Amino acid sequence: MNNELTANDIKKMQEELEHRKLVLMPELIAEVQLTRSYGDLSENFEYKAAKQALNKNKGRIRYLEKMIKTAKIIEDKSAADEVGLYDKVTLLFIEDGDEDTVQVVTTVRTNPLDSRISKESPLGAAILGRKVGDKVTVSGEAGAYSVEIKRIEKSEDDGSAPLL
């Protein structure tokens, strides 16, 4: 399945990819060469740490290249009164009466600790396209729960949400 990303997601990934290839990679290679000169490689912690950082950067480059190559670019086509991508939505959790505000984002911008939920998550998929007053049942890992959409604050991708 292709990753559904916004044009801004792709742009941020391309910027990170360029930085990792042109700036970070030469620095990490130089660090590996420097730490290699410290002596016995079997007991050289600095060398091992530098190699790990280099390999981590190479892995991230491969990930970004694959994401960019396989991405399907999407746009938010929600109506003014519907939950759309990057909208902030205030929800009432019916069972316990708690309210919470979440932002529906693409999978590469998800961070539940900052209330950014993926459009592909059970909650994100359930509320996407819904309107104020709609009640939906969400099937999660801990079981089903119900939410009511209390408020929708239309928003756009301003690029502030970091990539995963």
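About the thresholds
- Residues numbered from 1 in each chain as written.
- Predicted model: local features only at pLDDT ≥ 70, side-chain atom pairs only at ≥ 80, totals over all residues.
- Heavy atoms only, no water.
- Pairing = 2+ DSSP bridges.
- Helix = DSSP H or I, 4+ residues; strand = E, 2+ residues; numbered from the N terminus.
- Axes fitted to C-alpha atoms, helices over the stretch in contact; angles between N-to-C directions.
- Parallel < 35°, antiparallel > 145°, perpendicular 65-115°, else oblique.
- Left-handed = near helix turned anticlockwise from the far one by under 90°.
- Nonpolar A, V, L, I, M, F, W, Y, C, P; charged D, E, K, R; others polar.

Trainee: Hey, could you run me through the sheet that holds strand β7 (residues 143-153) in this one?
Mentor: One key point about sheets: their strands pair by backbone hydrogen bonds, in either a parallel or an antiparallel sense. Spatially, 5 strands are ordered β5-β4-β3-β7-β6 in an open sheet, and the strand pairing comes out mixed. In this open sheet, the two edge strands, each paired with only one partner strand, are β5 (116-118) and β6 (135-140). Direction aside, the axes of adjacent strands within the sheet are offset by 45° on average. Judged from the 6 bridges that link them, strand β3 (residues 88-93) and β7 form a sheet pairing that is antiparallel. By the bridge assignment for β7, T90 is matched with R151.

Trainee: Mind showing me how you'd approach the pairing of strand β4 (residues 98-105) here?
Mentor: On any regular strand, side chains alternate: one points to one face of the sheet, the next to the other face. With 6 bridges connecting them, β3 and β4 associate as antiparallel partners. For K88, the partnering residue across the bridge sits in β4 and is Q103. In sequence, β3 turns back onto β4 through a hairpin of 4 residues, with G97 there showing a positive phi of about 80°. Two strands pair when backbone bridges link them, and β4 and β5 are joined in this way by 3 bridges, in the parallel orientation. Residue pairing for β5: Q103 is matched across the bridge by R116.

Trainee: What is the right way to read the packing of helix α1 (residues 7-36) against helix α2 (residues 45-70) from this model?
Mentor: The relative placement of two packed helices comes down to the angle between their axes together with the axis-to-axis distance. The contact between α1 and α2 brings their axes to 9 Å, and the two run at 160°. Between α1 and α2, the angle is such that the two are roughly antiparallel. In this structure, α1 crosses over α2, and the sense of that crossing is left-handed. A per-class count over the contact of α1 with α2 returns 16 nonpolar, 3 polar and 10 charged.

Trainee: What should I look at first to understand the environment of K56 in this one?
Mentor: Tracing the backbone shows K56 in helix α2. Taking the C-alpha atoms as reference points, K56 and E31, separated by 25 residues in sequence, lie 14 Å from one another.

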